[in-house]
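# Geometric and topological summary
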Amino acid sequence: MEEYQKYLSGIWDRAWLTNHGPLVQELEQQLKEYLGVQHLLYVSNGTVAIQIAIKALELKGEVITTPFSYVATTTSLIWENCIPVFADIDERTFCINSSDIERHITPNTTAILATHVYGYACDVEEIERIAIKHNLKVIYDGAHAFDVRVKGQSIFSFGDVSTVSFHSTKLFHTIEGGAIITKDKQTAEKMSLYRSFGHIGDSYYSMGINGKNSEFHAAMGLCNLPYVEQIIQSRKQSAELYRKLLNNRLIYFPGPAVAQSLNYAYFPVVFQNEAVLLKIKAALSENEINTRRYFYPSLNTLSYLHSKNDCPVSENIATRVLCLPLYYEMDSSDIEKICKIVNSCFQ
Ligand SMILES: *Cc1c(COP(=O)(O)O)cnc(C)c1O
């Protein structure tokens, strides 16, 4: 609170509240250095980040995407007049299954939009190979993947554009917020224009939207960024305690498939079937412990899609996966209590 208040005083003194103010510029600079990425635009949320990326890469027609993500991944495509075509997911990472992508490619396919689920990296090398072979663009929804590194580089350096969300529920947050990351200078300039109505001062270059974020949000990011490593360490300890106490062969956990760092953004557990999940969710809820069916439903089953295709692995996992509470400095006694309730449901 004290740290945030210092930033507030500065904002008051300058009377510069939004429109690419000094704190927004400072946060962008610090994030670029922290992540080691070339171009990063701070925007108002992780959804507009995806929409601006789709616009800037001029995607149209069909986009191959994942059914196992937050609904914003799919609705961004629909909002931008693209048709989502769903490839199924990998049973280990719950990210898009790269070997299920090519059979969905048609002459109308323009891109792949994939999510690094729970911070586990997609098969970025194979996806790049497919994209080059078929001349497709690649966008990664990295909303869960802040601070993750793959082969020593930021996970956001893969694909044509990566996006991230800084929503309050995410690992690193700015209340509301997000960012768009790219290596390509021209794409970055285009997205920068789109973020701010397509004009700079009195020069009007293109259409655009309002994707800007404010000094108040940037200030929260500047407060939180120095603590990210500490936050991840604390979450790691909690996740390890969960794993130790949920040592039950009827529960399984997704995990990474490539050499990468972990950020412990979520603690997902998969039960044998939906009935068990509902029983455990209810038992926890009775004890005022909130869990989240994340992700549910499988996005290929959304009622408002015009065309649907089956994704049996994703549909199955979506009915069985539950995210248990995980947050900074969570009391180990709370984790013990949760695990006791979960384990008691199997007896
Ligand atoms: C949170 C999230 C988003 C949306 O981000 P907002 O900042 O809430 O708009 C998109 N994709 C995934 C995978 C998310 O988890």
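These numbers were taken from a predicted model, which means no experiment stands behind them.

### Regarding the overall build of the protein chain
Across its full length, the protein chain holds 11 helices and 13 strands. Taking as baseline every contact in the protein chain between residues at least 6 positions apart, the subset at least 24 positions apart corresponds to 69%. Separation of charge centres in the protein chain, based on 31 positive and 37 negative side chains, amounts to 3 Å.

### So, the layout of surface pockets
Considered as a void within the structure, the largest pocket measures approximately 430 Å³ in volume. Contributing to the lining of the largest pocket are 21 residues, with Thr169, Arg235, Ala265, Leu326 and Tyr327 lying nearest its centre. Elements supplying a minimum of two residues to the lining of the largest pocket: helix H8 (228-245) and strand S13 (321-324). Along the lines of polarity and charge, the residues of the lining of the largest pocket split into 13 nonpolar, 5 polar and 3 charged. Among the domains, domain 1 (2-86 + 93-226) and domain 2 (228-344) are the pair contributing at least three residues each to the lining of the largest pocket. Empty space within the second largest pocket amounts to approximately 320 Å³.

### Here we look at helix H9 (residues 274-286)
Here H9 contains 13 residues, and its C-alpha end-to-end distance of 18 Å stays within 8% of the 18 Å for a straight helix at 1.5 Å per residue. Contact partners of the buried residues in H9: helix H10 (312-320), S13 and helix H11 (332-344). With a side-chain oxygen lying 3.1 Å from the backbone nitrogen of Ala275, the N-terminal cap of H9 falls on Asn273.

### Quick look at the pairing of strand S8 (residues 161-165)
In summary, the side chains of a regular strand alternate between the two faces of the sheet. Most of S8 sits inside the fold, with 5 of its 5 residues counted as buried. Of the two faces of S8, the one lined by Val161, Thr163 and Ser165 and the one lined by Ser162 and Val164 are each fully buried. As paired strands, strand S5 (residues 137-141) and S8 are joined by 3 bridges and run parallel to one another. Bridging from a neighbouring strand, Tyr140 pairs with Ser162 of S8. In this sheet, strand S9 (residues 178-182) lies alongside S8 in antiparallel orientation, the contact comprising 5 bridges. Looking across to S9, one finds that Thr163 is bridged to Ile180.

Thresholds, definitions, all that
Residues numbered from 1 in each chain as written. Predicted model: local features only at pLDDT ≥ 70, side-chain atom pairs only at ≥ 80, totals over all residues. Heavy atoms only, no water. Helix = DSSP H or I, 4+ residues; strand = E, 2+ residues; numbered from the N terminus. Contact = heavy atoms within 4.5 Å. Lys, Arg positive; Asp, Glu negative; His and termini not counted. Charge placed at Lys NZ, Arg CZ, Asp CG, Glu CD. 1 Å grid on protein atoms, 1.4 Å probe; cavity = no way out; pocket = protein on both sides within 12 Å on 5 of 7 lines; lining within 4 Å. Points joined across faces, edges and corners; volume = space filled by probe spheres on them. Nonpolar A, V, L, I, M, F, W, Y, C, P; charged D, E, K, R; others polar. Domains from an automatic or database assignment. Expected span 1.5 Å × (residues − 1). Polar contact = N/O pair within 3.5 Å; in protein donor to acceptor, adjacent residues only side chain to side chain. Buried < 20%, exposed > 50% of the residue type's maximum accessible area, 1.4 Å probe, protein only. Pairing = 2+ DSSP bridges.

Honestly, that's just the spatial picture; any functional story needs more than this.
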